[in-house]
Every structure is written in structure tokens, then in C-alpha cells.
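# Structural overview
Chain residues, written in single-letter form:
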Amino acid sequence: MTLHDDAVLVLKTYEPDGEQQQLREVYLDHLAAHPDGMYKPCSAGHLTSSALVIDPSRGRVLLTLHKKLGMWLQMGGHCEPGDATVADAALREATEESGIAGLTLLPGGPVRLDRHPIPPPCHWHLDVQYAALAPAGAVAEISEESLDLRWFAYDEVAGVADTSVVRLTEGTLARLA
């Protein structure tokens, strides 16, 4: 199975409601129209994969201050040819950007989808958003891709991050409940 095939399967089995249902259809239409839609060179946009690193035992999430955007975000980025699945890409990105070994994805597949514009030559990131559980005693280590890396209490996220990260945090907490 190719990464493209995996993405289609993940999206077809993702069961969102409301606006997430419409967004899922946008993603599936994009992949149907663009066999190269998993990777950065696709100028019409491409799927990305991310994961919110969460430490439920301490009531906090780990966010990165993105070097290019200057915003507090979850870990994530572009899919790479070595990624077997969209989930693998999310876990790889979360591990690379957090420096935390032993992360595990929260069961149940993606938590949310988020489509956001990016500068040309590409036009859109179609992000498949997961949540990753930090192991006990996890110590984060900043990567070259970040200006900063910091743990935030759940109730602090809305004060530092955009709506997408807030919704991802809320969706993750709802799944944990």
C-alpha cells in the first residue's frame, strides 16, 4: 500500500461531524485529483501530518514556536517518501521536533483535520492531526526547526496558540475523557 492509498483509507474511515465532514471530502477530492498530493512538490497543495504531544498525567501539552511562522503550534510537517503511513509521518515529526523518544499515538486515528493556506508556489496544507502521548518523565529537547519548545497547561493553550491548536487540544481532551 502506498502512502497515498493509506491517506485515502485513513480519511474514508475518519468519522467527523459538521465542518470536519466537508473538510474530509475536500481532502479526498484533492487526493483523487492529485496522485502527487501527498508531497510538497504538488503545487495545488499537499497533505501534511502533525501530532499534539500531550502529557495527561501532568495536564499539559507541548508546543513548538515555529521558526518560519513565529507561532506556537503542534509538532508536524511534510510527509516523506520513507513514511509508510500518515500516522507514521505524524509520529516521526512529533519525535523529531520534540526530542522525546517513546511517543505513542492516541488510539482512534486522527483527532482533526485542518486546511490552511501557505505561500506560493504551493497553496494549501491539508493537515491530518493526531495526538501523541508522552511517556512518564518525558523531557523535551528543542530541534533546529523551532525557536522554542514549551509545555503549556491545557487552560493556557488558548492564550498562546491559534484556533486550530485550540480545537486540536479540545478534541484530544474529549477523546481522553
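Residues numbered from 1 in each chain as written. Predicted model: local features only at pLDDT ≥ 70, side-chain atom pairs only at ≥ 80, totals over all residues. Heavy atoms only, no water.

## A word on the overall build of the protein chain
Heads up, the rule is: Helix and strand definitions follow DSSP, with helices as H or I runs of at least four residues and strands as E runs of at least two, each counted in order from the N terminus. In this treatment the radius of gyration is a C-alpha quantity, and the globule benchmark scales as 2.2 Å times the residue count to the 0.38 power. Accessibility here uses a 1.4 Å probe with only protein chains present; expressed as a share of the type maximum, an area under 20% marks a residue as buried, one over 50% as exposed, and anything in between as partly exposed. Residue contacts are counted whenever heavy atoms from the two residues lie within 4.5 Å of one another. Note on areas: Shrake-Rupley with a 1.4 Å probe; residue coverage comes only from the protein chains shown. Charge assignment: positive for Lys and Arg, negative for Asp and Glu; neither His nor the chain ends contribute. Lys charges are placed at NZ, Arg charges at CZ, Asp charges at CG and Glu charges at CD.
Secondary structure assignment for the protein chain yields 5 helices and 8 strands. Listing each helix as α and each strand as β along the protein chain from the N terminus yields α-α-β-β-β-β-α-β-β-β-β-α-α. Relative to its length of 177 residues, the protein chain is compact, with a C-alpha radius of gyration of 15 Å against a globular reference of 16 Å. Seen along its three principal axes, the alpha-carbon backbone of the protein chain occupies a region of about 45 × 35 × 30 Å. The proportion of buried residues among the 177 residues of the protein chain is 47%. In the protein chain, once contacts between residues fewer than 6 apart in sequence are set aside, the share between residues at least 24 apart is 67%. In the structure as shown, the protein chain presents an accessible area of about 8700 Å², 56% of it carried by carbon and sulfur atoms. Where the 13 positive side-chain charges of the protein chain centre and where its 25 negative ones centre are 3 Å apart.

## Description of the pairing of strand E6 (residues 112-117)
To keep things clear, this is the line we draw: Strands are labelled as partners when DSSP assigns at least two bridges between them.
Bridge analysis of E6 against strand E7 (residues 124-133) gives 6 bridges, and the strand direction is antiparallel. Bridging across to E7, proline 117 finds its partner in tryptophan 124.

## Examining the environment of methionine 75
When you line up the elements, methionine 75 lands in strand E4 (residues 75-78). With a relative accessible area of 0%, methionine 75 lands in the buried category. Separated by 24 residues in the primary sequence, methionine 75 and glycine 99 place their C-alpha atoms 11 Å from one another. Residues in contact with methionine 75, not counting those within four places in the same chain, are Ser50, Ala51, Val53, Leu62, Leu63, Thr64, Glu93, Ala94, Glu97, Ser98 and Leu149.

## Some details on the nonpolar core
What counts, and what does not: Side-chain atoms within 4.5 Å are what join buried Ala, Val, Leu, Ile, Met, Phe, Trp, Tyr and Cys residues into a set we call a nonpolar core.
Residues Met38 and Val53 are the most contacted members of the largest nonpolar core, which totals 31 residues. Elements represented by at least two residues in this core include exactly helix H1 (3-13), helix H2 (19-33), strand E1 (46-55), helix H3 (86-98), E7 and strand E8 (146-153). In this structure, methionine 38 is in contact with Leu3, His4, Ala7, Leu31, His46, Leu47, Cys79 and Val86, ignoring residues within four places of it in sequence. Listed in part, the 16 residues of the second largest apolar core include Trp72, Phe152, Val157 and Val166.

## Notes on the packing of aromatic side chains
Going by this rule: Stacked, tilted and edge-to-face pairs are distinguished by plane angle, under 30 degrees for stacked and over 60 for edge-to-face with tilted covering the rest, among Phe, Tyr and Trp rings (Trp via its six-membered ring) whose centres lie within 6.5 Å. Either the NZ atom of lysine or the CZ atom of arginine qualifies as a charge over a ring when it sits within 6 Å of the ring centre and within 35 degrees of the ring normal.
What the rule picks out here adds up to 1 aromatic pair. Taken together, a centroid distance of 5.0 Å and an interplanar angle of 75° make the contact between tryptophan 72 and phenylalanine 152 edge-to-face. Taken together, the positions of tryptophan 72 in strand E3 (residues 72-73) and phenylalanine 152 in strand E8 put the pair 80 residues apart, joining distant regions of the chain. Take phenylalanine 152: its relative accessible area is 5%, and that puts it in the buried class. For the cation-ring pair, arginine 60 lies above tryptophan 151, with the distance from its terminal atom to the ring centre recorded as 3.9 Å. Between the NZ or CZ atom of arginine 115 and the centre of the ring of tryptophan 124, over which it lies, the distance is 3.6 Å.

## Topic: the side chain of threonine 64
Relative to the assigned elements, threonine 64 resides in strand E2 (residues 60-66). Once residues within four sequence positions are removed from consideration, threonine 64 is found in contact with Met71, Trp72, Leu73, Gln74, Met75, Glu97, Ser146, Asp148 and Leu149.

## Side note on the pairing of E1
With 10 of 10 residues buried, E1 is to be regarded as a mostly interior element. Of the two faces of E1, the one holding His46, Thr48, Ser50, Leu52 and Ile54 and the one holding Leu47, Ser49, Ala51, Val53 and Asp55 are both buried throughout. Both E1 and E7 contribute to a ladder of 9 bridges, which runs parallel. Within the sheet, the bridge partner assigned to valine 53 lies in E7 and is alanine 132. Taking the residues that link successive antiparallel strands as the turn, the E1-E2 hairpin has 4 residues, and the phi of glycine 59 there is positive, at about 60°.

## Focus on the pattern of salt bridges
Here is the rule: A side-chain nitrogen of Lys or Arg and a carboxyl oxygen of Asp or Glu constitute a salt bridge if their distance falls within 4 Å.
Tallied over the entire structure, the rule returns 8 salt bridges. For glutamate 25, the salt bridge is made with arginine 24, and the minimal N-O distance between the two is 3.0 Å. Under the relative-accessibility criterion, glutamate 25 is labelled partly exposed at 32%. Note on arginine 24: relative accessible area 12%, which makes it buried.

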